[in-house]
Amino acid sequence: MNGFKKDMLAVLGFTALLFILPGFLSNDYYVNVLTLSLTHAIIAIGLNLLMGYAGQVSLGHAAFYGLGAYTSAILTTTYAFPIPLAMLIGILAAGLVACLIGVPTLKLKGHYLAMATLGFGVIVYIFFNETIGLTGGPSGFTGIPRLHVLGYTFTSDRSYYYLVSLVLAGVVLLSLNIIHSRIGRALRAIHTSETAAQNAGIDVAKYKIFVFVLSALFAGLAGVLYAHNLAFVAPSSFGFNFSVELVTMVVLGGMANVWGAVIGALFLTILPEYLRIFENIEIILYGGILIVFIIFLPEGIAGGLVKLFSMLKPKRDDGAGGK
Amino acid sequence: MQAENNILHCRGVEVTFGGVKALNKVDFSVALGSITAIIGPNGAGKTTLLNVVSGLVKANAGTVAFQGLDVSRFSPYRRAKAGSVRSFQNLEIFHNMSVLENVMTGCHRRIRYSVLDALLKTPSYWRDEQRCRQYAEKELEFVGLIDKKDMPASELPFGSQRLLELARAVASEPQLLLLDEPAAGLNIRETARLGDLIKKIRDEKGITVALVEHDMDLVMRISDTIMVLNFGEVIAQGSPLAIQKNPQVIAAYLGEDDSI
Amino acid sequence: MGLSSYLQFLISGVTMGSIYGLTALGFTIIFNTTGIINFAQGEFVMLGGLLSVFFLKWFDAGLPLSIVMAILTTTAIGGAIERFAIRPVRSASVINLIIVTIGVSIFLRGLTVIILGKDTFGLPHFSGSVPLNLAGAAVMPQSIWILVITILLLVLLRLFFTRTIYGKGMLACSYDKKASYLVGIGVNGMILASFFISALVGAIGGAILTPVTMTSYDVGIMLGLKGFSACIIGGLGNPFGAAAGGVILGVLESFGAGFISSAYKDAFAFFILLILLFVKPSGLFGQSKIERV
């Protein structure tokens, strides 16, 4: 109906925008930066669903990104699996691990949950770093084949960009569809009051795990796209620092808004490219953003924009009583 | 009390909080199709009893049987699934949704399409969402909030939020509705409307109602049975008239001044 | 492996464990007064060490003075954090609180990078680095410093919380904030004090540890996480448990590294953390409920 049509139009418009963007970019390097930011956006959307809608914090999401990337990389390079199959397994691997640790972890609340996800993320990172025979250790894993499917190889950076754009558009649409459904209502209910949600007959535990696994699947999807684009993966991309970056993207963009996640990811991935001195102020900037946004704009950029638009809309007189 | 006529039966319920016995060997039943009130002075354990019945608190001893089924070990979710739904003293409406969406969330168990339907927006999804919306609108009409259906729930005045919570609870088509001080914070006019609404819930929807309440006018006016708690123990259970005349009840409320 | 090896592992375990315990104590003090887990606790430890280096090198202030100034500065930073980053959002949702303290932790780290860079620094040992011989095991004098200072701190804190009015007031806050407020205890002041004390304790830990392990801008992350693990081992909210948990964790880690693998040493703490969280979140001595916040 109306809501769905609006979503569809927004997604189509967004995709069209993404498709014409490379035309303005002189250098393939910038296209790559854009591709990376879109890849990050895929993870951010999943994390946004988890944090903003289900209200659960994850400080270890980089681990799922890495699990997807490494699984697909190792299967295709060391074991010569066909790429599409390896990618699928990579995505499912991330989901499976999420399922396994999600069940005990999501029984925890608040800070305990945050710490558990943190600990999990660190353990996975250490695993990537130490199992040198499998993963290549700290110096990384090379030689990952570029994606080729149905006879077509995505050799050019631009072709990969279009692929990731399409995948992102699909992820956005799926996420919007979930949010605008009884599942989305259940998630929002859980975020506000788990007690009341249970009372409405919502199986809170089941939904938390569902969102957690879904967000891990998205992260795994991003991971496999990343691995077959860059042709190289290293543990440093999948550590605590990146998990924090992801959380910052979600907070910056807006915690209960799919488009917010996209905004946050684009902003925080592209910005470093323009701040050459970023190297040194990067860390303090992330910290500052988190603090400032939570204190002054907890609904993020997207939420702020939404509030702005609703304030600018003329107030309809409600006759029957309004406020 | 015959077991078959009771939708709810608590037997020997005991709750201890760090040395304080909040409920002591409470035997309490709610007859099917009745409006039963739980009253008592402050600190008597009324809300604790409600929490035990709804599953938020696990009793240290005793059983809770709902529709003949032993639900003592059930989580609040399972009890809601079984048909026992409650309202909250401090209102737990979903303030990140509109009024209508709150009630549609209440319909969560009534309309159940799958994740796949939601993801792909199948015809099933459209049909069921429409039905869900219609059910929710009907419940909003029932409580008198239909004209505010698209308002953000947080912008409703307090009295209307109480009605919203009722609408949401009733939307899940429960067999038993547990109300925790539904009249708290309402003025006389709103309380009267509430009383009528509770009776309508029982009469028109066939939902049994049990309520914890302080407002004696409301309690006396609408209850079929009243149970009185004092210091965690049942001191009387009977019709409003009988309770009003019960010397122990009177003593409990007025205090034992002459025992000094 | 002879007795001396066991002893070696034990001593290094207790040494690190003391710092984990002090870090855990810092977590506990803030948690008890506010119900918040301060993710930046590890940064207090880092600052204690790194600022000592800073004052020593850049101000040429001599070791004892540098350490004192570092501790005082970190304590002040702890208070500033509470006042400017935590207090505005104290009534926010759990997830927002978590994010704020993470933000603070990152911010502090970032500030350190700008001022001091990413290098690793060391501090001179307090009384020389000639190891003593204890039944075949080599004991650094610094380890003894660490142990003695830690025990001293624990005793002083215990006296503070049980004998002084201020300390008792803070304990009251931890049991029931509203009641404390109603009887006239300035809750805001108590919370500020808890941040001061946690920062102080953390900074001391950092300063006395740096001669042994060196320090850099990112040591806070691991120390903080392990300190939190120690809290969970001992039961979140239990100060004695926090200290004991720290020592237990340090010893387990030391023996684990010695007997199983030193590469996975860091992972031990987290395995233990995860298993505890899943199986017995209330820890060995704990009484607080898991959903505390």
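Residues numbered from 1 in each chain as written. Chains lettered and ligands numbered in written order. Predicted model: local features only at pLDDT ≥ 70, side-chain atom pairs only at ≥ 80, totals over all residues.

Novice: Which parts of the structure should I look at to understand the interface of chain B and chain A?
Specialist: Frequently, the measure chosen for interface size is the accessible area removed from exposure when the parts meet. With 30 residues of chain B in contact, the opposing surface of chain A contributes 25 residues. Where the side of chain B that touches chain A is concerned, the elements lending two or more residues are helix 2 (76–82), strand 6 (84–86), helix 3 (99–106), helix 4 (115–120) and helix 5 (123–143) of chain B. Partitioning the side of chain B that touches chain A into residue classes produces 15 nonpolar, six polar and nine charged. (Contact = placed C-beta atoms within 7 Å. Helix = DSSP H or I, 4+ residues; strand = E, 2+ residues; numbered from the N terminus. Nonpolar A, V, L, I, M, F, W, Y, C, P; charged D, E, K, R; others polar.)

Novice: Just to check I follow, could you spell out helix 4 (residues 94–116) of chain C for this structure?
Specialist: In an α-helix, one turn spans 3.6 residues, which is why side chains three or four residues apart end up on the same side. Residue and element names in this part refer to chain C. Its 23 residues give helix 4 an end-to-end C-alpha distance of 33 Å, which sits within 8% of 33 Å, the value for a rise of 1.5 Å per residue. Burial analysis of helix 4 places 17 of its 23 residues in the buried class, which makes it a mostly covered element. Directly after helix 4, the chain includes G117, whose backbone phi takes a positive value near 80 degrees. (Expected span 1.5 Å × (residues − 1). Buried ≥ 20, exposed ≤ 12 C-beta atoms within 10 Å, placed from the backbone.)

Novice: Can you help me understand the sheet that holds strand 3 (residues 35–39) of chain B in this one?
Specialist: Note: strands within a sheet are paired through backbone hydrogen bonds, in either parallel or antiparallel orientation. All names here are of chain B. Ordered by their spatial adjacency, six strands build an open sheet running 6-7-8-3-9-10, and the pairing between neighbours is mixed. At either margin of the open sheet sits one strand with a lone partner, and together these are strand 6 and strand 10 (233–238). Taken pair by pair, the neighbouring strands of this sheet meet at an average axis angle of 20 degrees, ignoring direction. As judged from the three bridges shared by strand 6 and strand 7 (residues 176–180), these two strands associate in the parallel manner. Within the sheet, the bridge partner assigned to S84 lies in strand 7 and is L176. Packed on one face of the sheet, helix 1 (residues 46–54) meets strand 3, strand 6, strand 7, strand 8 (208–212) and strand 9 (225–230) and runs near 150 degrees to strand 7. (Pairing = 2+ DSSP bridges. Axes fitted to C-alpha atoms, helices over the stretch in contact; angles between N-to-C directions.)

Novice: Looking at this model, I keep getting lost on the sheet that holds strand 5 (residues 69–70) of chain B. Mind explaining?
Specialist: Sheet architecture is open: four strands sit in the order 2-1-4-5 (chain B), paired in antiparallel fashion. In this open sheet, the two edge strands, each paired with only one partner strand, are strand 2 (20–31) and strand 5 of chain B.

Novice: Which parts of the structure should I look at to understand the interface of chain A and chain C?
Specialist: Taken residue by residue, the interface counts 36 residues in chain A and 37 residues in chain C. Looking at the side of chain A that touches chain C, the elements with two or more residues in it are helix 5 (110–130), helix 11 (240–253) and helix 13 (278–296) of chain A. If you tally residues by element for the side of chain A that touches chain C, the top one is helix 5 of chain A, at 13 residues. Of the residues assigned to the side of chain A that touches chain C, the class counts are 27 nonpolar, seven polar and two charged.

Novice: When you look at the confidence of the model for chain C in this model, what are you seeing that I'm missing?
Specialist: Close inspection of predicted coordinates is inappropriate for parts of the model with low pLDDT. All names here are of chain C. On average, residues of chain C score 85 in pLDDT, and 92% of them are at 70 or above. Per-element mean pLDDT across chain C ranges from 68 in helix 7 (residues 177–182) up to 92 in helix 3 (residues 63–86). This stretch, residues 288–293, has a pLDDT under 50; its non-local contacts, to residues over four places away or in other chains, come to 14 contacts. Two summary scores accompany this predicted model of the complex, namely pTM at 0.88 and ipTM at 0.88. (pLDDT = per-residue confidence, 0-100.)

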